[in-house]
Amino acid sequence: MKNNICFTLIAFFLLSCSNPIPRKPISKKTGTLMEQSVSLNKVLIKKEETALLQVIALDSLSTYNASSNGFWYKINSKSNHTYFPKEEDKVIYTYEVFDINHSKIYGKEEIGIRNYVVDKQEIIEGLRDGLKMMNEGDNFTFLFPSYKMYGYLGDHHKIDINQPLIYKVQLIKINKQNESN
């Protein structure tokens, strides 16, 4: 009996000393989630573009221009200045925010007069791009798709997620960083 126990223990130790066979990982590479996300974004962008084009169609007395940055704008009043804000210039401006049904979300009274150092401070992308298109004294109306504004987050107050917006902006003053410009 002692021999059987010794033999069993020796066999057990010899068998347990063999290298374990690693389990192969299961990897399944698919772009399904990414493809779905891209597809949903395309639908959302098309829906917002259609809504903004309807706003333009309803305002048949105005001329809207498509910007190369993915939004539309109209010039409400143009000054005789010809200097556009450049990096590090300080601009002073006011604006109002409306939904696409022209209901006011934020007025000038709530927002107040704003200051922005061009390309050196963080502001919403659409507004940053729009201000660079304006001269001192100009008054523009911008039609922004949600991806140029608050996108998937909204502003957690009055602006919903994926909400296209209308901004009415007046550029009051441009303080040039380098006066030799």
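**A short note on the overall build of the protein**
(1) Moving on: Across its full length, the protein holds four helices and seven strands.
(2) Moving on: Shown N-terminal to C-terminal, the secondary structure of the protein runs as helices and strands in the order α-α-β-β-β-β-α-β-α-β-β.
(3) Moving on: Within the protein, the proportion of its 181 residues that are buried is 33%.
(4) Moving on: Considering only contacts within the protein whose residues lie at least 6 apart along the sequence, 67% involve residues at least 24 apart.
(5) Moving on: On the protein, roughly 12,500 Å² of surface is accessible, and the fraction owed to carbon and sulfur atoms is 56%.

**With respect to the packing of aromatic side chains**
(1) Moving on: Scanning the entire structure with this criterion turns up nine aromatic pairs.
(2) Moving on: For the ring pair F71 and F142, a centre distance of 5.7 Å and an interplane angle of 75° mean the geometry is edge-to-face. Linking F71 in the loop between β1 (65-66) and β2 (72-77) with F142 in strand β6 (residues 139-144), this pair joins segments that are 71 residues apart in sequence. An identical accessibility class is assigned to F71 and F142; each is buried.
(3) Moving on: Seen from their ring centres, F142 and F144 are 5.4 Å apart, and the 15° between their planes marks the pair as stacked.
(4) Moving on: For F142, a relative accessible area of 0% translates into the label buried.
(5) Moving on: Site record: aromatic cluster; members linked through ring pairs are F71, Y73, Y93, Y95, F140, F142, F144 and Y167.
(6) Moving on: Here the basic side chain of K168 rests over the ring of F98, its NZ or CZ set 4.8 Å away from the ring centre.
(7) Moving on: A cation over a ring is seen here: K176 above Y83, with NZ or CZ 4.4 Å from the ring centre.

**Let's talk about the nonpolar core**
(1) Moving on: Judged by nonpolar contacts, the single largest core of 26 residues is most densely connected at Y93, V97, L131, F142, Y167 and V169.
(2) Moving on: Contributions of two or more residues to this core are made by β3 (90-98), β4 (104-106), α4 (125-131), β6 and β7 (165-175).
(3) Moving on: Here the element with the most residues in this core is β7; it accounts for five residues.
(4) Moving on: Residues in contact with L131, not counting those within four places in the same chain, are P85, V91, Y93, Y116, I123, V169 and L171.

**Things to note about helix α2 (residues 32-58)**
Since the α-helix turns once every 3.6 residues, residues separated by three or four places project in the same direction.
(1) Moving on: Helix length check: α2, at 27 residues, gives a terminal C-alpha distance of 39 Å against a target of 39 Å (1.5 Å per residue), a fit within 8%.
(2) Moving on: The complete set of buried residues in α2 reads E48, A51, L52, V55 and I56.
(3) Moving on: Check the buried side of α2 and you find it contacts β2, β6 and β7.

**What about the pairing of β7?**
Across a regular strand the side chains alternate sides, sitting on one face of the sheet and then on the other.
(1) Moving on: Sheet topology note: the β3/β7 ladder contains nine bridges and is antiparallel. Bridge pairing in β7 places E96 opposite K168.
(2) Moving on: Of the strand pairs in this sheet, β6 and β7 are connected by six bridges, and their pairing is antiparallel. Residue pairing across strands places N139 opposite Q170, the latter belonging to β7.

**As for the environment of L153**
(1) Moving on: On the secondary structure map, L153 appears in the loop between β6 and β7.
(2) Moving on: A relative accessible area of 59% places L153 in the exposed class.
(3) Moving on: Between the alpha carbons of L153 and Q163 there is a distance of 9.6 Å; along the sequence they are ten residues apart.

How each quantity is defined
- Residues numbered from 1 in each chain as written.
- Predicted model: local features only at pLDDT ≥ 70, side-chain atom pairs only at ≥ 80, totals over all residues.
- Heavy atoms only, no water.
- Helix = DSSP H or I, 4+ residues; strand = E, 2+ residues; numbered from the N terminus.
- Buried < 20%, exposed > 50% of the residue type's maximum accessible area, 1.4 Å probe, protein only.
- Contact = heavy atoms within 4.5 Å.
- Areas by Shrake-Rupley, 256 points an atom, 1.4 Å probe, with all protein chains shown as cover.
- Phe/Tyr/Trp six-rings, centres within 6.5 Å; stacked < 30°, edge-to-face > 60°.
- Lys NZ or Arg CZ within 6 Å of the ring centre and 35° of its normal.
- Core = buried A, V, L, I, M, F, W, Y, C linked by side-chain atoms within 4.5 Å.
- Expected span 1.5 Å × (residues − 1).
- Pairing = 2+ DSSP bridges.

That is the geometry; function is a separate question.
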